[in-house]
Amino acid sequence: MNLGIEIGGTKLQLVTGEGTSIRQYFRYPVDKAQGADGILQQIDEAIRQITEPIETVGVGFGGPVDTQTGQIATSHQIAGWSGFNLTAWLRQRTAAPQVRVENDANVAALGEALHGAGRPFRQVFYITLGSGVGGGMVIDGNIYHGVPPGETEIGHIRLDKSGKTVESVCSGWAVDQEIRRSIADLSHDSILKQRVGSATSGEARFLREAFDQGDATARQIIGRIADDLAFGLSHVVHLLHPDVIVLGGGLSLTGEPLRAAVEARLPHYIMGAFQPGPAVRLAELGENAVPIGALNLSSK
(Lines give C-alpha, C1' and ligand atoms only; values in the text may rest on other atoms or scores of the structure.)
Protein backbone atom coordinates (compact mmCIF):
# COMPACT_ATOMS: atom_id res chain seq x y z
CA MET A 1 0.00 0.00 0.00
CA ASN A 2 1.35 3.44 -0.98
CA LEU A 3 0.61 6.50 1.12
CA GLY A 4 0.69 10.01 -0.35
CA ILE A 5 0.61 13.09 1.87
CA GLU A 6 0.17 16.78 1.11
CA ILE A 7 1.16 19.16 3.91
CA GLY A 8 0.12 22.72 3.15
CA GLY A 9 -0.52 25.93 4.99
CA THR A 10 -4.31 25.61 4.95
CA LYS A 11 -5.03 21.93 4.33
CA LEU A 12 -3.63 18.45 4.96
CA GLN A 13 -4.48 15.60 2.57
CA LEU A 14 -3.57 11.92 2.81
CA VAL A 15 -4.42 9.26 0.24
CA THR A 16 -3.66 5.58 -0.18
CA GLY A 17 -3.54 3.83 -3.53
CA GLU A 18 -1.39 3.58 -6.63
CA GLY A 19 -1.00 5.68 -9.76
CA THR A 20 -4.21 7.71 -9.98
CA SER A 21 -6.28 5.11 -8.13
CA ILE A 22 -7.16 6.43 -4.67
CA ARG A 23 -8.45 3.89 -2.15
CA GLN A 24 -8.63 5.92 1.06
CA TYR A 25 -8.83 9.69 1.38
CA PHE A 26 -8.37 11.92 4.42
CA ARG A 27 -8.58 15.71 4.50
CA TYR A 28 -8.08 18.01 7.46
CA PRO A 29 -8.08 21.80 7.78
CA VAL A 30 -4.83 23.15 9.18
CA ASP A 31 -5.07 25.14 12.39
CA LYS A 32 -2.21 27.61 12.15
CA ALA A 33 -2.29 28.16 15.92
CA GLN A 34 -1.51 24.46 16.53
CA GLY A 35 1.63 24.65 14.38
CA ALA A 36 3.52 21.61 13.17
CA ASP A 37 2.51 19.56 16.22
CA GLY A 38 -1.15 19.87 15.28
CA ILE A 39 -0.47 18.62 11.75
CA LEU A 40 1.60 15.69 13.01
CA GLN A 41 -1.27 14.69 15.29
CA GLN A 42 -3.66 14.75 12.32
CA ILE A 43 -1.29 12.57 10.27
CA ASP A 44 -1.07 10.14 13.19
CA GLU A 45 -4.86 10.01 13.38
CA ALA A 46 -5.16 9.14 9.68
CA ILE A 47 -2.38 6.53 9.76
CA ARG A 48 -4.19 4.70 12.59
CA GLN A 49 -7.18 4.30 10.25
CA ILE A 50 -5.16 2.59 7.50
CA THR A 51 -5.54 -1.15 8.00
CA GLU A 52 -3.16 -2.48 5.32
CA PRO A 53 0.64 -2.37 5.72
CA ILE A 54 2.17 0.82 4.30
CA GLU A 55 5.05 0.02 1.94
CA THR A 56 5.95 3.49 0.68
CA VAL A 57 5.28 7.05 1.83
CA GLY A 58 5.58 10.11 -0.39
CA VAL A 59 5.17 13.63 0.92
CA GLY A 60 4.66 16.99 -0.75
CA PHE A 61 5.58 19.62 1.83
CA GLY A 62 4.73 23.31 1.55
CA GLY A 63 8.23 24.72 1.90
CA PRO A 64 11.91 24.02 1.19
CA VAL A 65 13.16 20.60 2.26
CA ASP A 66 16.38 18.60 2.09
CA THR A 67 15.28 15.76 -0.17
CA GLN A 68 18.36 13.71 0.72
CA THR A 69 17.65 13.60 4.45
CA GLY A 70 13.95 14.44 4.70
CA GLN A 71 14.66 17.38 6.99
CA ILE A 72 12.41 20.41 6.70
CA ALA A 73 14.24 23.69 6.15
CA THR A 74 11.26 25.88 7.05
CA SER A 75 7.61 26.60 6.46
CA HIS A 76 6.66 30.15 5.56
CA GLN A 77 3.13 29.61 6.90
CA ILE A 78 3.21 27.19 9.85
CA ALA A 79 5.52 27.45 12.86
CA GLY A 80 7.44 24.52 14.30
CA TRP A 81 8.75 22.79 11.17
CA SER A 82 12.27 24.21 10.91
CA GLY A 83 14.88 21.48 11.36
CA PHE A 84 12.29 18.71 11.81
CA ASN A 85 13.23 15.36 10.20
CA LEU A 86 9.92 14.32 8.69
CA THR A 87 11.33 11.22 6.99
CA ALA A 88 12.54 9.75 10.29
CA TRP A 89 9.24 10.55 12.00
CA LEU A 90 7.18 8.88 9.25
CA ARG A 91 9.39 5.80 9.22
CA GLN A 92 8.78 5.42 12.94
CA ARG A 93 5.00 5.89 12.58
CA THR A 94 4.44 3.68 9.53
CA ALA A 95 7.35 1.19 9.50
CA ALA A 96 7.46 1.84 5.74
CA PRO A 97 10.77 0.79 4.17
CA GLN A 98 10.68 3.75 1.76
CA VAL A 99 9.84 7.35 2.67
CA ARG A 100 10.46 10.37 0.42
CA VAL A 101 9.83 14.00 1.31
CA GLU A 102 9.74 16.63 -1.43
CA ASN A 103 8.61 20.22 -1.87
CA ASP A 104 4.89 20.26 -2.71
CA ALA A 105 5.34 22.08 -6.04
CA ASN A 106 7.86 19.43 -7.15
CA VAL A 107 5.36 16.72 -6.22
CA ALA A 108 2.51 18.46 -8.03
CA ALA A 109 4.79 18.81 -11.06
CA LEU A 110 5.38 15.05 -10.98
CA GLY A 111 1.66 14.35 -10.74
CA GLU A 112 0.88 16.58 -13.72
CA ALA A 113 3.81 15.21 -15.74
CA LEU A 114 2.83 11.57 -15.22
CA HIS A 115 -0.95 11.76 -15.09
CA GLY A 116 -2.09 15.29 -16.01
CA ALA A 117 -1.48 18.07 -18.49
CA GLY A 118 2.20 17.20 -18.95
CA ARG A 119 1.73 13.62 -20.16
CA PRO A 120 2.60 14.19 -23.84
CA PHE A 121 5.81 16.07 -23.01
CA ARG A 122 9.36 15.16 -21.94
CA GLN A 123 10.25 18.37 -20.09
CA VAL A 124 7.49 19.79 -17.93
CA PHE A 125 7.67 22.99 -15.89
CA TYR A 126 4.86 23.41 -13.38
CA ILE A 127 3.95 26.63 -11.58
CA THR A 128 1.47 26.65 -8.73
CA LEU A 129 -0.42 29.90 -8.22
CA GLY A 130 -1.81 29.53 -4.73
CA SER A 131 -1.47 31.51 -1.51
CA GLY A 132 2.19 31.60 -2.59
CA VAL A 133 3.87 30.75 -5.89
CA GLY A 134 6.07 27.68 -6.35
CA GLY A 135 7.54 25.70 -9.21
CA GLY A 136 8.78 22.29 -10.19
CA MET A 137 10.56 20.78 -13.19
CA VAL A 138 10.16 17.17 -14.35
CA ILE A 139 12.41 15.71 -17.05
CA ASP A 140 11.62 12.27 -18.48
CA GLY A 141 9.41 11.54 -15.48
CA ASN A 142 11.99 12.56 -12.87
CA ILE A 143 11.99 15.65 -10.65
CA TYR A 144 14.89 18.00 -11.34
CA HIS A 145 16.89 18.76 -8.19
CA GLY A 146 19.40 21.46 -7.44
CA VAL A 147 21.46 21.73 -4.28
CA PRO A 148 19.32 21.19 -1.12
CA PRO A 149 17.09 22.65 0.20
CA GLY A 150 15.45 23.65 -3.06
CA GLU A 151 15.27 24.58 -6.71
CA THR A 152 12.95 26.12 -9.35
CA GLU A 153 11.61 28.68 -6.86
CA ILE A 154 9.95 30.82 -9.51
CA GLY A 155 7.90 32.68 -6.92
CA HIS A 156 11.09 34.36 -5.73
CA ILE A 157 12.24 35.48 -9.18
CA ARG A 158 12.49 39.26 -9.17
CA LEU A 159 10.61 41.24 -11.76
CA ASP A 160 12.62 44.39 -11.07
CA LYS A 161 15.46 45.60 -8.84
CA SER A 162 13.13 47.03 -6.21
CA GLY A 163 12.24 43.58 -4.90
CA LYS A 164 9.00 42.95 -6.79
CA THR A 165 8.71 39.17 -7.22
CA VAL A 166 6.41 36.82 -9.10
CA GLU A 167 4.89 35.79 -5.77
CA SER A 168 4.35 39.36 -4.59
CA VAL A 169 2.11 40.14 -7.57
CA CYS A 170 0.83 36.78 -8.90
CA SER A 171 -0.05 34.79 -5.78
CA GLY A 172 -3.68 34.33 -4.83
CA TRP A 173 -3.24 36.55 -1.78
CA ALA A 174 -1.63 39.31 -3.86
CA VAL A 175 -4.46 39.22 -6.40
CA ASP A 176 -7.06 39.27 -3.61
CA GLN A 177 -5.48 42.47 -2.29
CA GLU A 178 -5.35 43.97 -5.79
CA ILE A 179 -9.05 43.29 -6.30
CA ARG A 180 -9.93 44.88 -2.96
CA ARG A 181 -7.97 48.01 -3.89
CA SER A 182 -9.38 48.13 -7.40
CA ILE A 183 -13.06 47.90 -6.48
CA ALA A 184 -12.92 50.18 -3.44
CA ASP A 185 -13.73 53.31 -5.43
CA LEU A 186 -15.85 51.71 -8.15
CA SER A 187 -19.57 52.31 -8.42
CA HIS A 188 -22.06 49.59 -7.58
CA ASP A 189 -22.53 49.06 -11.31
CA SER A 190 -19.18 47.24 -11.36
CA ILE A 191 -19.80 43.56 -12.10
CA LEU A 192 -16.68 42.51 -10.21
CA LYS A 193 -17.68 44.58 -7.19
CA GLN A 194 -21.13 42.98 -7.23
CA ARG A 195 -19.67 39.48 -7.46
CA VAL A 196 -17.22 40.07 -4.60
CA GLY A 197 -20.00 41.51 -2.44
CA SER A 198 -19.17 41.24 1.25
CA ALA A 199 -16.35 38.71 0.80
CA THR A 200 -13.19 39.66 2.69
CA SER A 201 -10.92 36.91 1.36
CA GLY A 202 -10.55 34.77 -1.75
CA GLU A 203 -11.73 37.56 -4.03
CA ALA A 204 -9.74 36.14 -6.94
CA ARG A 205 -12.32 33.37 -7.35
CA PHE A 206 -14.75 35.93 -8.78
CA LEU A 207 -12.43 37.06 -11.60
CA ARG A 208 -13.53 34.53 -14.23
CA GLU A 209 -17.25 35.15 -13.85
CA ALA A 210 -16.76 38.93 -14.01
CA PHE A 211 -14.39 38.52 -16.99
CA ASP A 212 -16.96 36.46 -18.89
CA GLN A 213 -19.56 39.19 -18.31
CA GLY A 214 -17.27 41.81 -19.82
CA ASP A 215 -16.14 43.53 -16.63
CA ALA A 216 -13.33 45.95 -17.53
CA THR A 217 -11.59 45.72 -14.15
CA ALA A 218 -11.52 41.92 -14.22
CA ARG A 219 -10.08 41.97 -17.74
CA GLN A 220 -7.45 44.50 -16.70
CA ILE A 221 -6.37 42.44 -13.68
CA ILE A 222 -6.18 39.17 -15.62
CA GLY A 223 -4.14 40.94 -18.30
CA ARG A 224 -1.76 42.32 -15.69
CA ILE A 225 -1.33 38.92 -14.01
CA ALA A 226 -0.68 37.27 -17.38
CA ASP A 227 1.91 39.85 -18.38
CA ASP A 228 3.85 39.55 -15.12
CA LEU A 229 3.62 35.76 -15.25
CA ALA A 230 4.85 35.71 -18.84
CA PHE A 231 7.80 37.92 -17.94
CA GLY A 232 8.69 35.70 -14.96
CA LEU A 233 8.28 32.54 -17.01
CA SER A 234 10.54 33.95 -19.74
CA HIS A 235 13.43 33.39 -17.31
CA VAL A 236 12.36 29.75 -16.99
CA VAL A 237 12.36 29.44 -20.78
CA HIS A 238 15.81 31.01 -21.16
CA LEU A 239 17.33 28.84 -18.42
CA LEU A 240 15.51 25.51 -18.88
CA HIS A 241 13.50 25.72 -22.14
CA PRO A 242 10.83 23.15 -21.23
CA ASP A 243 8.41 21.60 -23.72
CA VAL A 244 5.41 22.80 -21.75
CA ILE A 245 4.51 25.12 -18.88
CA VAL A 246 1.60 23.92 -16.73
CA LEU A 247 -0.38 26.47 -14.72
CA GLY A 248 -1.76 25.06 -11.46
CA GLY A 249 -3.01 26.22 -8.08
CA GLY A 250 -6.17 28.07 -7.13
CA LEU A 251 -5.56 31.09 -9.35
CA SER A 252 -5.25 28.82 -12.40
CA LEU A 253 -8.99 28.13 -11.99
CA THR A 254 -9.43 31.50 -13.72
CA GLY A 255 -8.97 29.14 -16.63
CA GLU A 256 -8.69 29.77 -20.35
CA PRO A 257 -8.58 33.60 -20.21
CA LEU A 258 -5.45 33.44 -18.05
CA ARG A 259 -3.84 30.57 -19.98
CA ALA A 260 -4.41 32.17 -23.36
CA ALA A 261 -3.11 35.54 -22.16
CA VAL A 262 0.08 34.02 -20.73
CA GLU A 263 0.69 32.05 -23.93
CA ALA A 264 0.12 35.19 -26.02
CA ARG A 265 2.44 37.38 -23.92
CA LEU A 266 5.29 34.90 -23.42
CA PRO A 267 6.81 35.28 -26.93
CA HIS A 268 7.24 39.03 -26.32
CA TYR A 269 9.80 38.26 -23.59
CA ILE A 270 11.86 35.41 -25.05
CA MET A 271 14.64 35.55 -27.58
CA GLY A 272 13.97 34.94 -31.23
CA ALA A 273 15.70 31.57 -31.41
CA PHE A 274 13.26 30.18 -28.83
CA GLN A 275 10.10 31.44 -30.57
CA PRO A 276 7.23 30.73 -30.28
CA GLY A 277 8.08 29.30 -26.86
CA PRO A 278 6.69 26.36 -24.88
CA ALA A 279 3.08 25.28 -24.92
CA VAL A 280 1.09 26.63 -21.97
CA ARG A 281 -1.49 24.27 -20.43
CA LEU A 282 -3.86 24.35 -17.48
CA ALA A 283 -3.32 21.71 -14.79
CA GLU A 284 -5.72 18.78 -14.98
CA LEU A 285 -5.49 17.15 -11.54
CA GLY A 286 -6.81 20.03 -9.44
CA GLU A 287 -6.51 19.49 -5.70
CA ASN A 288 -5.25 15.95 -6.30
CA ALA A 289 -2.02 17.05 -8.03
CA VAL A 290 0.11 16.82 -4.88
CA PRO A 291 -1.45 13.63 -3.42
CA ILE A 292 -1.22 11.82 -6.76
CA GLY A 293 2.33 13.02 -7.28
CA ALA A 294 3.16 11.83 -3.75
CA LEU A 295 1.73 8.38 -4.46
CA ASN A 296 4.07 8.12 -7.44
CA LEU A 297 7.25 9.26 -5.70
CA SER A 298 8.17 5.67 -4.85
CA SER A 299 8.49 4.75 -8.53
CA LYS A 300 10.87 7.65 -9.27
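About the cut-offs
Residues numbered from 1 in each chain as written. Predicted model: local features only at pLDDT ≥ 70, side-chain atom pairs only at ≥ 80, totals over all residues. Heavy atoms only, no water. Salt bridge = Lys/Arg side-chain N within 4 Å of Asp/Glu carboxyl O. Helix = DSSP H or I, 4+ residues; strand = E, 2+ residues; numbered from the N terminus. Buried < 20%, exposed > 50% of the residue type's maximum accessible area, 1.4 Å probe, protein only. Expected span 1.5 Å × (residues − 1). Contact = heavy atoms within 4.5 Å. Pairing = 2+ DSSP bridges.

Caption draft 1: The arrangement of the pattern of salt bridges in detail. Per the counting criterion, the structure on display carries 16 salt bridges. Arg23 is the salt-bridge partner of Glu52, the closest N and O atoms lying 3.0 Å from each other. Placement of Glu52 in the loop between helix H1 (35-47) and strand E4 (56-61) and of Arg23 in strand E3 (residues 21-29) is noted, with a sequence separation of 29 residues between them. Relative accessible area serves as the criterion here: at 56%, Arg23 is assigned to the exposed category. For the salt bridge of Asp228 with Arg224, the shortest nitrogen-to-oxygen distance reads 2.9 Å. Of this pair, Asp228 and Arg224 both sit in helix H8 (residues 216-240), four residues apart, which is roughly one turn of the helix. The exposure class assigned to Arg224 is partly exposed, which follows from its relative accessible area of 23%.

Caption draft 2: Focus on H1. For H1, spanning 13 residues, the distance from its first C-alpha to its last is 19 Å, which sits close to the expected 18 Å at 1.5 Å a residue. Within H1, 10 of the 13 residues are buried, which leaves the element mostly enclosed by the surrounding structure. Of the positions making up H1, those classed as buried are Gly35, Ala36, Gly38, Ile39, Leu40, Gln42, Ile43, Asp44, Ala46 and Ile47. In this fold, the buried residues of H1 make contact with strand E1 (2-7), strand E2 (11-18), E3 and helix H2 (86-94).

Caption draft 3: Representation of the pairing of E3 within the structure. Where E2 meets E3, eight bridges bridge the pair, whose relative direction is antiparallel. Residue pairing for E3: Leu12 is matched across the bridge by Tyr28. Count of turn residues in the E2/E3 antiparallel hairpin: two residues, of which Gly19 carries a positive phi of about 60 degrees.

Everything listed is a geometric property; what it means functionally is a separate question.
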